[in-house]
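So you can see what is in the structure, the chains are spelled out below.
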Amino acid sequence: MGAGVATGGQVVTRFAPSPTGFLHIGGARTALFNWLFARAQGGKFLLRIEDTDRARSTQPAIDAILDGMRWLGLDWDDEAVFQFARADRHAEVADTLLANGHAYKCFATAEELESMRAEQKANKQPMRYDGRWRDRSPDEAPAGAPFVVRLRAPREGAVTIEDRVQGAVTVQNAELDDMVLLRSDGTPTYMLAVVVDDHDMGVTHVIRGDDHLNNAFRQLALIRAMDAVEGGWPDPVYAHVPLIHGADGAKLSKRHGALGVEAYRDEMGILPEALNNYLLRLGWGHGDAEIISREQATEWFTLDGIGRSPSRFDTKKLENLNGHYIREADDTRLATLVLPAVIAQAGREIGPDGAELLRRAMPFLKPRAKDLRDLADASAFLFRTRPLDMDERAASLLDSAGIDLLAAVERAIAGVDDWSATALEAAVRAVAETAGLGLGKVAQPLRAALTGRTTSPGIFDVLALLGREESLGRLADRLAATN
RNA sequence: GGCCCCAUCGUCUAGCGGUCUAGGACGUCGCCCUUUCACGGCGAAAACACGGGUUCGAUUCCCGUUGGGGUCACCA
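Quick caveat: nothing in here was measured; it's all calculated off a predicted structure. (Residues numbered from 1 in each chain as written. Chains lettered and ligands numbered in written order. Predicted model: local features only at pLDDT ≥ 70, side-chain atom pairs only at ≥ 80, totals over all residues. Heavy atoms only, no water.)

Engineer: What exactly am I supposed to notice about the packing of helix α15 (residues 400-414) against helix α16 (residues 421-435) here?
Structural biologist: Relative orientation and spacing of two packed helices are given, respectively, by the angle between their axes and the distance between those axes. At their nearest, the axes of α15 and α16 sit 9 Å apart, and the two run at 135° to each other. With respect to α16, the element α15 is oriented oblique. You can see that α15 and α16 cross each other, and the crossing is right-handed. Facing L405, A408, V409, A412 and I413 of α15, the residues of α16 in contact are L424, A427, V428, V431 and A435. Partitioned by chemical class, the residues of the contact of α15 with α16 number 10 nonpolar, no polar and no charged. (Axes fitted to C-alpha atoms, helices over the stretch in contact; angles between N-to-C directions. Helix = DSSP H or I, 4+ residues; strand = E, 2+ residues; numbered from the N terminus. Parallel < 35°, antiparallel > 145°, perpendicular 65-115°, else oblique. Left-handed = near helix turned anticlockwise from the far one by under 90°. Contact = heavy atoms within 4.5 Å. Nonpolar A, V, L, I, M, F, W, Y, C, P; charged D, E, K, R; others polar.)

Engineer: Could you clarify how one ought to interpret the packing of aromatic side chains in this entry?
Structural biologist: For any pair of aromatic rings, the description consists of the separation of the ring centres together with the inter-plane angle of the planes. On inspection of all chains with the given rule, the structure shows six aromatic pairs. Considering the side-chain rings of Y264 and F313, the 5.8 Å spacing of their centres and the 55° angle between planes classify their relative orientation as tilted. Within this pair, whereas Y264 is found in helix α7 (residues 261-266), its partner F313 is found in the loop between β12 (311-312) and α10 (315-328), the two being separated by 49 residues in sequence. The pair formed by Y264 and F313 is uniform in burial state, with each residue classed as buried. (Phe/Tyr/Trp six-rings, centres within 6.5 Å; stacked < 30°, edge-to-face > 60°. Buried < 20%, exposed > 50% of the residue type's maximum accessible area, 1.4 Å probe, protein only.)

Engineer: How should I be thinking about the sheet that holds strand β8 (residues 180-182) in this particular structure?
Structural biologist: The strands making up a sheet are joined through hydrogen bonds of the backbone, oriented either antiparallel or parallel. Taken in spatial order, the three strands of this open sheet run β4-β5-β8, and their pairing is antiparallel. Each having just a single partner strand, β4 (103-106) and β8 make up the two edges of the open sheet. Strand-to-strand twist across the sheet, computed as the mean angle between neighbouring axes with direction ignored, equals 45°. Bridge count for strand β5 (residues 148-151) against β8 is two bridges, and the pairing is antiparallel. Residue pairing for β8: V149 is matched across the bridge by L182. (Pairing = 2+ DSSP bridges.)

Engineer: Just checking my understanding: could you explain the packing of α16 against helix α17 (residues 439-451) for this structure?
Structural biologist: For the pair α16 and α17, the least separation of the axes is 8 Å and the interaxial angle reads 120°. Put simply, α16 runs oblique to α17. Considering the relative orientation of α16 and α17, their crossing is right-handed. Here V428, R429, V431 and A432 of α16 lie close against α17, whose contacting residues are L439, V442 and L446. Here the residues of the contact of α16 with α17 are counted per class, giving six nonpolar, no polar and one charged.

Engineer: Could you clarify how one ought to interpret the protein's contact with RNA strand B in this entry?
Structural biologist: The environment of RNA strand B is formed by 61 residues, the closest being R183, G283, R368, R447 and S456. The sugar-phosphate backbone supplies 68% of the atoms of RNA strand B found within 4 Å of the protein. A distance of 3.4 Å is found between a phosphate oxygen of RNA strand B and a side-chain nitrogen or oxygen belonging to R327. Going through the elements one at a time, β5, β7 (167-172), α5 (190-200), α6 (213-230), β12, α10, α17 and α18 (459-482) are the ones with two or more residues in the surface near RNA strand B. Among the elements that line the surface near RNA strand B, the one with the most residues is α17, at five residues. Considered class by class, the residues forming the surface near RNA strand B number 18 nonpolar, 21 polar and 22 charged. (Near = heavy atom within 4 Å. Polar contact = N/O pair within 3.5 Å; in protein donor to acceptor, adjacent residues only side chain to side chain.)

Engineer: What is the right way to look at the sheet that holds strand β2 (residues 44-49) in this model?
Structural biologist: Taken in spatial order, the three strands make up an open sheet running β1-β2-β3, and their pairing is parallel. Bordering the open sheet on either side are β1 (12-15) and β3 (81-82), each of which pairs with just one other strand. Pairing geometry for β1 and β2, over four bridges, is parallel. Directly across from F15, in β2, lies its bridge partner L47. Along the sheet, helix α2 (residues 59-71) makes contact with β1, β2 and β3, crossing β2 at roughly 160°.

Engineer: Just to check I follow, could you spell out helix α4 (residues 110-122) for this structure?
Structural biologist: In this model, α4 (13 residues) spans 18 Å end to end at C-alpha, consistent with the 18 Å of a helix rising 1.5 Å per residue. Of all the residues in α4, the buried ones are L113, M116 and Q120. Relative to the axis of α4, the buried residues are bounded by an arc of 55° and lie together on one face. Facing away from the buried side of α4, by more than 90 degrees, are the exposed residues A110, E111, E114, E119, K121 and A122. Positive backbone phi, at 55°, marks K124, one or two positions downstream of α4. (Expected span 1.5 Å × (residues − 1). Arc of directions from axis to C-beta.)

Quick look at the structure:
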C-alpha cells in the first residue's frame, strides 16, 4: 500500500548495460532516451555497469561501452556504478527480506528443478517454480545443504503497471513464480541487484527495452516487499521502449547487423550527430521533424513521443542523415577525421601542407559524400603520386580524341596567369568552343588526366586545388604516355 | 505452448471520432539544374492487416481473427 509512484523531486534516469559485449545500437538508443529525458527534465542521468556475470563481463567491453557513450556525447552524472562491487548490499537486502518473511530458503537442487520443468513441459503446464519450499521449514533440508533465497511473491490478485509507453499492463500474480534473489553461492541475481541499485541510486524513471517489461512485475514485487518492511521504496515510473529489429523484421542480434556503435564510427564512417538523430527518430517522433539537433531534442523530448511498436533499422536513412551532417560539418573537423584513411590510401605521409589542402578541398568534396569512407575515397586523388594510375573508365576517356583535346587544354591553361577556378574555366570553355564541342567533351578527358577517375568535384575546382605545377605535370604525364 | 506487447506507404513516422480525396521523411521512378558524380529543385507511384461491434460518423474507441515481437534460468 505504501508504495506510491515516485513523484516530485528530481528526475533520475539510468542506463545499465552489461559489459558482455559492445554498446550495440539498441543499447545506444536506450541510453539516448534516458539521457534526453533526464536533460529535458533537468534531472540526472546515471550509468551503472551490470557486471555481476563475472564469467562474461570483460574490461574491453566496459571500455567499449564507455567509449561509445562518450562518442555519442551521452555524458553521465556522478561516478559510474559497478554493480558487482555492491554485492554485499544486495545480500543485505535479501537478508532483510528473509528476516521479515518476504523471502525464504529453497533447497531444491538444479536436477530437481530440471525434472520439475520437464514434467511441466510434458503436461503442457506453464514452466515455473512450484514453490515447493515456500512453506517448508529449512529444518527439513539436510544439514549444510546448499540453498538459494527466493522472494515470497504474492500469489493472489494482479498487478498493473502504468507504463509510460505501453500504457496499462496487467499481469496476474499467479503467472509469476518466486524468483531467486541469492544464488546458492550467496551472490545476488540480476533481479535483486537492479532493484536494490535503482533504489539506492534514487532512480525515478526506468526507461529500458521492451524485453524487460515482464521483469518489471517481478521487480515490483520485490520493491513492494521492501517498501512494506522499511518504507521509502516507491514504485519507479516505467517506460518500456520497443526493440529495434533488423531490416528483415527479425530481432537484431549479433549475426543480424547488431553492430557496436564503434562499427558505425570506424567501419561505416558515420558521424555521431547523424547516429543520434537517426536513433532518436527510430521510435520517437515530433510531428514532421526529421533533422533534429541535440539542443532541439533536449527541448522536445517526452516519453509520450515514444511509439509502441517495434521498428526496423534502415541503413539507407542513416546514410542520408549522415550525408546531411557531413555537408553541415566543419571543414577542419572533416579533414582531421578523414586524414588517417587518406594517408593509408596515399601510402605516404601527408604533411601540414597536405592537411591544409585537404581542408581546403572539403567544401567541394563533402556535398558528394554520404559517409566518411566516401569522403576519404573522394579525397584520394589530391595525394596520388605522379604519374597517376588511371582506372579503366578514365583510361578509355583518353583515347586519341581525348588526348588531342587534352593537348589543346594544356596549351590553353599553361598561359593562364591567374590560376583560379574562374580564370581556368574561361580558358577551358574557349577550347571547347573552338573545337565546337560541349564543355563535357573537354572536361571528361581533363578530369581523367587530373584525377585518374571519371568522377570528381567540379573540374575547375580540381585544377585550382591541385595548383599550376601539379596540374600541368599530370597533364604532361598523360600526353607523354601516348607519344 | 502459457503470459505480455504491438499492427498507417517497402522503411521511419504524423494522425490522438468528423479538418483524411490520410501529411512528412528515407528509398524507388520521372523531369529540371549540369563539365562527371553528388547536392539542390519539381513531380509521381506507394499505406490505415481482416472481421465484428460502439457511434449520426471510424485510421482514430471496444472485441475477435490473422500476423509480428517479447518473455518464461541459481544470464543480464
